[in-house]
Each structure stands twice: as structure tokens, then as C-alpha cells.
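Coordinate analysis (summary)
The primary structure of each chain is shown beneath.
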Amino acid sequence: MPTTMPFLSGHADRWFRSDFQFHHLYPLYIQALAYKHWTPLEVARKAASFLATNAGVKILDIGSGAGKFCLSGAYYHPDASFYGIEQRDDLSLYATAAQQKLGLDNITFIHGNLTTLDLKDYDHFYFFNSFYEHLPGSFRIDDKLDFSTQLFNHYNGYMCQQLEKMPAGTRLATYHCPEEDAPAGYHVVGAHMDDLLKFWVKA
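Residues numbered from 1 in each chain as written. Predicted model: local features only at pLDDT ≥ 70, side-chain atom pairs only at ≥ 80, totals over all residues. Heavy atoms only, no water.

**Here's the deal with the pairing of strand β6 (residues 186-192)**
Where β6 lies against strand β7 (residues 197-202), six bridges are found, and the strand directions are antiparallel. Residue pairing in the sheet places V188 in a bridge with W200 of β7. Here β6 folds back onto β7, and the loop between the two strands holds four residues, one of which, M193, carries a positive phi near 55°. (Pairing = 2+ DSSP bridges. Helix = DSSP H or I, 4+ residues; strand = E, 2+ residues; numbered from the N terminus.)

Listed below in C-alpha cells is the structure:
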């Protein structure tokens, strides 16, 4: 259960002036994970702009961590609805607490496993390679979960199978993901941040 988080009174705008400022929504141990594990604000802004195609669109962050992408996307695109699925209960709690501090009401954080979701309930998707920590030599958030190459293959296979069933026009933004791991039928329509951020559309 998270303890009280540092928060300076004022409008939400102040938190989006820089990544450094934003990270102070969280306790120190969450801040320490930011460099490796949380989406930079510039990436979140670009990805959310690609995914928020119209008012009411439902965007799912697969492996939402402490919620930074959803919080940023919801701030930049108040007419879109953002959802985050995260296995770690403490990260889901911190994400929800940050949402309340920022006063954003167009986000839903879900504590659970991706394989419990039907991706057809959503329109577009963001993925920051959240299964990578299952691979040997990766930088893990913590040791609270079971890790194995088999689980990496299971989760990645499930995600790709589900995304491949989505209708033509479905959008996917990936960050730090190799192209060979992308679901079949999706084509790159844009690349940014030295090709680390890629935009895909289902044909």
C-alpha cells in the first residue's frame, strides 16, 4: 500500500513541464525506476497524439506500470479514454493515486494480467515492451513476479494473436520494441525518437 506521496498544490500543468517534475508525483523508489521503465513525456505526447484519433476513443496501455503514459495521454487528450493494465498491485495503486492528484477523470487503471482482457474492448494500443523483463539480462522493476523466457513468449504471443484479430485501421504505438515482435498485418506508418518510437496501423 503506497504511503502519502509528495504533492505540490496547484494546477496539473506544473507536473507536465518536465519528466523531472512529473516524477515527483511518486515516492523515491518509483522515481528511481523512471529512466529505464517509464515512458518519457515527449514520447507519451507523440504516441497519444497518434492514438487519440477521435473523441471517446479507447486506448489501452499494455503493461502500464506507474501510469505515466495514461496520465500523460489523458492530460494531453481529455476527450479520449485511457486504460492501463498492470500486474503489480503497488504500481496500480500509485498510478491511481497520481490520477487523483492530477484530477484526471478519463483514465481507468486495471490491476491484473493482460491475458484476462479481451482487446476487442479497446480501439488503439500503446506498448513499451513490458514483457522484456522476462528475458535473461534485462533490467527488472523488482523480483515480485515469476520470470522466464517461456512467459515472455506466452505474453507476447497472446498480445500478438489478440492484436491480429483487431479490425483494419487499428493503431499501435510501440517504444523500444523490435519490429520482428510486431503482430502480423501491422505496418509502420511513422518512426520517431531515433526509431525507438514506432507507429503502426492494421491493414
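**Regarding the sheet that holds strand β3 (residues 107-111)**
Read from one edge to the other, the open sheet built from seven strands follows the order β3-β2-β1-β4-β5-β7-β6, with strand pairing classed as mixed. The open sheet has two free edges, formed respectively by β3 and β6, since each of these has just one partner strand. The sheet shows a mean angle of 20° between the axes of neighbouring strands, taken without regard to direction. Summarising the sheet, strand β1 (residues 58-62) and strand β4 (residues 124-127) pair through four bridges and their orientation is parallel. Of the residues in β4, the one forming a bridge with I62 is F127. Running over the sheet, helix α5 (residues 68-76) touches β1, β2 (81-86), β3 and β4 and is turned about 175° from β2. (Axes fitted to C-alpha atoms, helices over the stretch in contact; angles between N-to-C directions. Contact = heavy atoms within 4.5 Å.)

**Thoughts on the pattern of salt bridges**
Note that side chains of opposite charge can pair when their charged atoms are close. Using the criterion set out here, one finds one salt bridge in the structure. The shortest N-O distance in the salt bridge between K68 and D19 comes to 2.5 Å. You can see K68 sitting in helix α5 and its partner D19 sitting in helix α1 (residues 19-23), a full 49 residues away along the chain. Residue D19 is classed as partly exposed on the basis of its relative accessible area of 28%. (Salt bridge = Lys/Arg side-chain N within 4 Å of Asp/Glu carboxyl O. Buried < 20%, exposed > 50% of the residue type's maximum accessible area, 1.4 Å probe, protein only.)

**Observations regarding the side chain of N106**
Inspection of the secondary structure assignment puts N106 in the loop between α6 (89-102) and β3. Given the relative accessible area of 10%, N106 is considered buried. Only 3.3 Å separates the side chain of N106 from the backbone oxygen of H77, close enough to count as a polar contact. Apart from residues lying up to four places away in sequence, N106 is in contact with A74, H77, P78, A80, S81 and F82. (Polar contact = N/O pair within 3.5 Å; in protein donor to acceptor, adjacent residues only side chain to side chain.)

**Observations concerning the pairing of β1**
Remark: a regular strand shows side chains that alternate across the two faces of the sheet. Among the five residues of β1, four are classified as buried, and the element is accordingly described as predominantly covered. In this sheet, β2 lies alongside β1 in parallel orientation, the contact comprising five bridges. From the neighbouring strand, K58 faces β2, where its bridge partner is S81. Running through α5, the crossover from β1 to the neighbouring parallel element β2 is right-handed. (Right-handed = clockwise from strand over helix to strand, strands pointing away.)

**Observations regarding the nonpolar core**
Y26, F69, L71, L102 and Y126 are the most contacted members of the largest nonpolar core, which totals 41 residues. Secondary structure elements with two or more residues in this core: α4 (41-51), α5, α6, β3, β5 (171-175) and β7. Residue contributions to this core peak at seven residues, all from α4. Core analysis: the next-biggest nonpolar cluster, separate from the first, contains 21 residues, F127, F131, Y155 and L172 among them. (Core = buried A, V, L, I, M, F, W, Y, C linked by side-chain atoms within 4.5 Å.)

**Regarding unusual backbone geometry**
Positive phi values are uncommon outside glycine, yet M193 reaches one of about 55°. Inspection of the secondary structure puts M193 in the loop between β6 and β7. Residue classification places M193 among the partly exposed residues on the basis of a relative accessible area of 27%. Positive phi outside glycine occurs at D195, with the angle close to 70°. Structurally, the position occupied by D195 is in the loop between β6 and β7. Judged by its relative accessible area of 47%, D195 falls in the partly exposed class.

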